[in-house]
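Overview (structure and organization)
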Number of protein chains: 2
Amino acid sequence: MNAALLVSYDGTALSGWQIQKKGRTVQGELESAIGRAFGAASRVTGSGRTDAGVHAAGQVCNFALADEIQIAPERIADALNTFLPPDIRVLASARAPEDFDACRSAKKKTYRYTVYFSRREHPLLARYAARFGGQPDLARMRECADRLEGEHDFAAFSAAGSSAKTTVRTVHSIDLVPWADEIGEMVCGMHFDVCGNGFLYNMVRIMAGALLDVGTGKLPLSAVEEALSAGRRDLLGKTMPACGLTLRSVGYRFDLFGGGKITE
Amino acid sequence: MNAALLVSYDGTALSGWQIQKKGRTVQGELESAIGRAFGAASRVTGSGRTDAGVHAAGQVCNFALADEIQIAPERIADALNTFLPPDIRVLASARAPEDFDACRSAKKKTYRYTVYFSRREHPLLARYAARFGGQPDLARMRECADRLEGEHDFAAFSAAGSSAKTTVRTVHSIDLVPWADEIGEMVCGMHFDVCGNGFLYNMVRIMAGALLDVGTGKLPLSAVEEALSAGRRDLLGKTMPACGLTLRSVGYRFDLFGGGKITE
């Protein structure tokens, strides 16, 4: 069976998705759980990597489950959760078409980057959001987001050492979602919900930083346009911290965990 | 100076508010930071204790700062944060009236208890919310909450070993706030925002459990009424886990951190 998993993880204490020699990784923990639950190792293919410290609410992956294993597809989740550490959980499992590949079949991904605006750290926000000291202007950020939406060469929004064949990606939408919550004192912040057909290494984190810097006026909009057209990473600000980033969902041509209905 | 602090903490790795021989406590960490920042130890008085694992967004405390220390009251926060561990932060500091006592002067407190409804654990929710397997009915819960609001003897809603002189408390309001969020799959949950003039040991956690059990029909409303009138803890369900509870705010007759204006 080609088994697909919907996986959530708190990336704080994880060394990212991809298996490596040192540190706990999501792929490593999943492969280990598969070995313990089903008695045979299997390579797990994720929709894409996430970095150390990055969270996922709806990562998708698949693996080959030996045909001799008798289990209802929707029960695979519970079987694996028994052997997973508490910061990684399979939320749902399903039988996928034989040619389904969580990476190659992915049509779009949605990431959320969350910041809160404060001069001081907030212990109850710090785990899943990055602190930003400034008070950015929403209208200016929106104007910048409009420029970034669409198909562009996002080379400027990619960390060095990226091995992507092409740096052209389509960003379908960037939603700027202000929020406020009374955390002792009233704290304001913003979610950046970014949906695209694929993302380069560190792309959302560089994008969030550039939007914030444009919002405070530290970075002129023209510098972002210049960076985009010339592929110059050096014109943009620093990469925002991993803790604020969550992979929210991965979209395929069909609803994998809701019965396989074609979604588009 | 009688210095007042607004404090937030992530209770996950803390052994509660009150200083004790073993384990890190909020009071212990604050007193240690005061000693290191100002060179002299001082006893810190909190608005009340919170248990191991319970969070605070707006705990309030006060301590006597020696008159020879020259510091603007609002700068005390930063001075202490330098010496506090990352899971505890002073959000604001102010000079309080000489007769202010964070415990005895407290007029009301607001706690939030958060649950999510799911058969499976969610790593991104588990730190600040408790999982509840059932799907409770909001109208039944509201009916039960109506019975609990007001002045009552809450002996049934108190853990054994409580040393309170009286178990009569006034619950000003219980707000049931449903929420939904797309965490991989759509997850629903509820906040219980409970405001009162004071709370017994474990009172909010027992209350949240009783409301949920009434919501699913596991506990009849009449059992809650009987428990309340007869002071019988044994008629109610189990105490909900500490991780779902957050002390949101403590109210005084004046706005301590907003210039001292009288608030009522």
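This report concerns the structure included in the present document. (Residues numbered from 1 in each chain as written. Chains lettered and ligands numbered in written order. Predicted model: local features only at pLDDT ≥ 70, side-chain atom pairs only at ≥ 80, totals over all residues. Heavy atoms only, no water.)

Each partner contributes residues to the interface: chain A has 35 residues there, and chain B has 35 residues. Among the residues of chain A in contact with chain B, R120, P123 and L124 of chain A are the three that bury the most area, contributing 28% of the side total. Our count for the contact surface shared by chain A and chain B stands at six salt bridges. Here R119 of chain A and D78 of chain B are joined by a salt bridge, their closest N and O atoms 3.2 Å apart. (Contact = heavy atoms within 4.5 Å. Buried area = accessible area lost by both parts, 1.4 Å probe. Salt bridge = Lys/Arg side-chain N within 4 Å of Asp/Glu carboxyl O.)

The subject of this paragraph is the pattern of salt bridges. Pairing is possible between side chains that carry opposite charge, provided their charged atoms lie close to one another. All told, the structure shown has 30 salt bridges over all chains when counted by the stated rule. Here D87 of chain B makes a salt bridge to R24 of chain B, at a shortest N to O gap of 2.6 Å. Residue D87 of chain B is located in the loop between α2 (76-81) and β4 (88-95), and its partner R24 of chain B is located in the loop between β1 (2-9) and α1 (26-38); the two are separated by 63 residues in the primary sequence. In this structure, R112 of chain B and D193 of chain B form a salt bridge, with 2.7 Å as the shortest nitrogen-oxygen distance. One end of the pair, R112 of chain B, is in strand β5 (residues 108-117); the other, D193 of chain B, is in strand β9 (residues 185-196), with 81 residues separating them in the sequence. For the residue pair R112 of chain B and D193 of chain B, the accessibility class agrees, reading buried in each case. Overlapping salt bridges, with partners in common, bring together R24, E29 and D87 of chain A in one network. (Helix = DSSP H or I, 4+ residues; strand = E, 2+ residues; numbered from the N terminus. Buried < 20%, exposed > 50% of the residue type's maximum accessible area, 1.4 Å probe, protein only.)

With that settled, the discussion passes to the relation of the copies chain A and chain B. Rotating chain A by 180 degrees about the axis while translating it 0.0 Å along that axis superimposes it on chain B, leaving an RMSD of 0.0 Å. As the rotation angle and translation indicate, the two copies are arranged about a two-fold axis. Considering only C-alpha atoms, the residue of chain A closest to the rotation axis is R127 of chain A, which sits at 4.9 Å. A share of 100% of interface residues in chain A that are also interface residues in chain B marks the association as one of identical surfaces. (Least-squares fit on C-alpha atoms with pLDDT ≥ 70 in both.)

On the surface, D67, E68, E98 and D99 of chain A cluster together into a patch of negative charge. On the secondary structure map, D99 of chain A appears in the loop between β4 (88-95) and β5 (108-117). (Patch = residues over 30% accessible without salt bridge, like charges linked within 9 Å, V, L, I, M, F, W, Y side chains within 5 Å. Areas by Shrake-Rupley, 256 points an atom, 1.4 Å probe, with all protein chains shown as cover. Lys, Arg positive; Asp, Glu negative; His and termini not counted. Charge placed at Lys NZ, Arg CZ, Asp CG, Glu CD.)

Residues and elements named next belong to chain A. Along the chain, M240 turns up in the loop between α5 (221-230) and β10 (245-251). Residue class for M240 comes out buried when judged on its relative accessible area of 4%. Separated by 110 residues in sequence, M240 and A130 have C-alpha atoms that sit 7.6 Å apart. Apart from residues lying up to four places away in sequence, M240 is in contact with Y113, V115, A130, R205, A208, G209 and L212.

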